[in-house]
Amino acid sequence: MASFDANEHQHNRYNPLKDEWVLVSPHRMKRPWSGQVEKPPIENIPRHDPKNPLCPGNTRPNGKVNPNYESTFTFDNDFPALLQEGPAPGPSDHPLFKASPANGTCQVVCFHPWSDITLPLMSIKEIRTVIDKWAELMVDLGKKYTWVQIFENRGAIMGCSNPHPHCQVWASSFLPNEPRVKDRTQREYYTKHGTPMLVEYAKMEVQKKDRIVLANADWLCVVPYWAVWPYETLVLPLRHILRLQDLTDDEKNSLADIMKRLLTKYDNMFQVSFPYSMGWHGAPTGEHYNEDQSHWQLHAMYYPPLLRSATVKKFMVGYEMLATSQRDLTAEQAAEKLRNLPDVHYKQAETS
Ligand code: H2U
């Protein structure tokens, strides 16, 4: 039998952050596709749409009027999934029917006054204002809440309801599932090895090189060894940093550089605004500020669904839903493809 080659032969990879395995089947890359084809995303978005509730100066359906903002604009989500107050469920009368209180607040952050712009098309300075807003919200909401989740859904394919560039911030009185698992796995790793898991991981990826997409003085962007989504990336600081609000001025600028280059590469892949869900994870806040959280390392995840073209996305169905996540393209192949894409945006290449 031939000797093992990760780019050719099936294998499982372990995700130590989520304590999960992913099945890698690179031999399937050549199979034919005759399944669903998504409609290409509509790209002719007006700069200002008088009917869009996220645009400057417009009245939202609840009667509130947006200011004529010129940079970022943050408002309380008019349809929040978490309310600040409400009656709490009583104690459970059976271990199979447990409920617990859930309070919180939801906000929307518009990145820019224009609807026809996205982060990769914004200047480094403009991206920096978004990062500053994120850090500010982490501080403000983190005073009261256990977890502040910053996330961006980009593209209708990812459930984004509005083309205006924006993200959401949901702050909660509880630790949601994903960070709850990551808190446990990072804590266990730190106790066992005496070093934060993701600080060690970044060091190893710098040595190994084959999964690096981008790097600068402060940041590393890799397709993680355990990636599930075809072009999933993990953005890590090179220094041990617990939370987004702990970044220095220089680190915020160099993050804006990494974000612009990564998102440009994504868009250049199929010459479309590349859809994704992204978000930040760092040490919990609220009551956890007073605890030792050294096991945590700040990181951002990008989960784009596209696989073969602008219209064919990866579905997490069947085996993924019922057994374990599976991918065909290896993380190393995905990283190489991303690394080789230009970091000048295709829309800006024509004009520069
Ligand atoms: P997406 O990030 O999935 O596109 O969601 C946009 C959010 O904007 C969504 O949570 C909010 C929705 O509740 N929204 C308002 O708060 N007010 C509006 O008038 C429109 C949309």
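Residues numbered from 1 in each chain as written. Predicted model: local features only at pLDDT ≥ 70, side-chain atom pairs only at ≥ 80, totals over all residues. Heavy atoms only, no water.

Draft legend 1. Focus on the sheet that holds strand β1 (residues 11-15). Taken in spatial order, the three strands make up an open sheet running β1-β2-β12, and their pairing is mixed. Taken across any chain shown, the strands that pair with only one partner, and hence form the sheet edges, are β1 and β12 (325-327). Strand-to-strand twist in this sheet, taken as the mean axis angle between neighbours without regard to direction, amounts to 30°. Pairing between strand β2 (residues 20-24) and β12: three bridges, direction parallel. In the strand pairing of β12, V22 is matched with S325. (Pairing = 2+ DSSP bridges. Helix = DSSP H or I, 4+ residues; strand = E, 2+ residues; numbered from the N terminus. Axes fitted to C-alpha atoms, helices over the stretch in contact; angles between N-to-C directions.)

Draft legend 2. Representation of the pairing of strand β4 (residues 104-110) in the model. Burial of β4 is extensive: seven of the seven residues sit out of reach of the surface. Of the two faces of β4, the one lined by G104, C106, V108 and C110 and the one lined by T105, Q107 and V109 are each fully buried. Examined bridge by bridge, strand β3 (residues 73-76) and β4 share four bridges and lie antiparallel to one another. Across the sheet, F73 pairs through a bridge with C110, a residue of β4. (Buried < 20%, exposed > 50% of the residue type's maximum accessible area, 1.4 Å probe, protein only.)

Draft legend 3. Structural detail: the site of the ligand. Looking at the ligand, there are 15 residues lining it, with N77, D78, S161, H166 and Q168 nearest. N77 has a polar side-chain atom sitting 2.7 Å from an oxygen atom of the ligand. In this structure, H166 approaches the ligand through a side-chain N or O atom, which is 2.7 Å from an oxygen atom. (Near = heavy atom within 4 Å. Polar contact = N/O pair within 3.5 Å; in protein donor to acceptor, adjacent residues only side chain to side chain.)

Draft legend 4. Representation of helix α2 (residues 177-193) in the model. In this model α2 runs 24 Å from its N-terminal to its C-terminal C-alpha over 17 residues, within 8% of the 24 Å that 1.5 Å per residue would give. Elements in contact with the buried residues of α2: β5 (147-154), α3 (197-208), β10 (276-281) and β11 (299-303). Residue G194 follows α2 closely and has a positive phi angle near 70°. (Expected span 1.5 Å × (residues − 1). Contact = heavy atoms within 4.5 Å.)

Draft legend 5. The arrangement of unusual backbone geometry in detail. Of note, the phi angle at K209 is positive, near 70°, even though the residue is not glycine. Summarising the element assignment, K209 is placed in the loop between α3 and β7 (212-215). Using a relative accessible area of 55% as the deciding quantity, one classes K209 as exposed. Of note, Q271 is a non-glycine position whose phi angle comes to about 55°, a positive value. Tracing the backbone shows Q271 in the loop between α4 (249-270) and β10.

Draft legend 6. Structural view of the packing of α2 against α3. Across the interface, α2 lies against α3 with an axial gap of 9 Å and an inter-helix angle of 75°. On the basis of the axis angle, α2 is roughly perpendicular to α3. In contact with T185, Q186 and Y189 of α2, α3 contributes M197, L198 and E200. Counted by class, the contact of α2 with α3 contains three nonpolar, two polar and one charged residues. (Parallel < 35°, antiparallel > 145°, perpendicular 65-115°, else oblique. Nonpolar A, V, L, I, M, F, W, Y, C, P; charged D, E, K, R; others polar.)

Draft legend 7. Quick look at the side chain of H288. Mapping H288 onto the fold places it in the loop between β10 and β11. For H288, a relative accessible area of 16% puts it in the buried group. A distance of 3.4 Å separates the side chain of H288 from the side chain of E287, its partner in a polar contact. If near-sequence neighbours (up to four positions away) are discounted, H288 is found in contact with T146, R243 and Q293.

Draft legend 8. Spatial organisation of the packing of aromatic side chains. Under the criterion given, the structure shown has 14 aromatic pairs. Ring centres of Y69 and F73 lie 4.9 Å apart, and the angle between their planes is 25°; on these two criteria the pair is classed as stacked. Judged by its relative accessible area of 7%, Y69 falls in the buried class. One aromatic cluster is present, formed by Y266, F270, F274, Y276 and Y302 through successive ring pairs. If you follow R47 out to its NZ or CZ, it ends over the ring of W114, 3.6 Å from the centre. (Phe/Tyr/Trp six-rings, centres within 6.5 Å; stacked < 30°, edge-to-face > 60°. Lys NZ or Arg CZ within 6 Å of the ring centre and 35° of its normal.)

Draft legend 9. Main features of the pattern of salt bridges. Across all of its chains, the model carries 20 salt bridges by this definition. In this structure, R47 engages D116 in a salt bridge whose closest nitrogen and oxygen atoms are separated by 3.1 Å. One end of the pair, R47, is in the loop between β2 and β3; the other, D116, is in the loop between β4 and α1 (124-142), and 69 residues separate them in sequence. You can call R47 partly exposed: its relative accessible area is 42%. Put simply, R184 and E188 hold a salt bridge, and the shortest N to O gap is 3.5 Å. In this pair, R184 and E188 are both assigned in helix α2, four residues apart and thus about one turn of the helix distant. (Salt bridge = Lys/Arg side-chain N within 4 Å of Asp/Glu carboxyl O.)

Draft legend 10. Local environment of the environment of F79. Within the secondary structure layout, F79 lies in the loop between β3 and β4. For F79 and N62, which are 17 residues apart along the polypeptide, the C-alpha to C-alpha distance reads 9.9 Å.

Draft legend 11. Region of the structure containing the packing of α4 against helix α6 (residues 331-340). Running from N to C, α4 and α6 point in directions that differ by 95°, and their axes come no closer than 9 Å. When the axis of α4 is compared with that of α6, the two are roughly perpendicular. Counting all contacts with α4, which are made through K265, Y266 and M269, the residues of α6 involved are K337, L338, R339 and N340. Looking at side-chain class alone, the contact of α4 with α6 contains three nonpolar, one polar and three charged residues.

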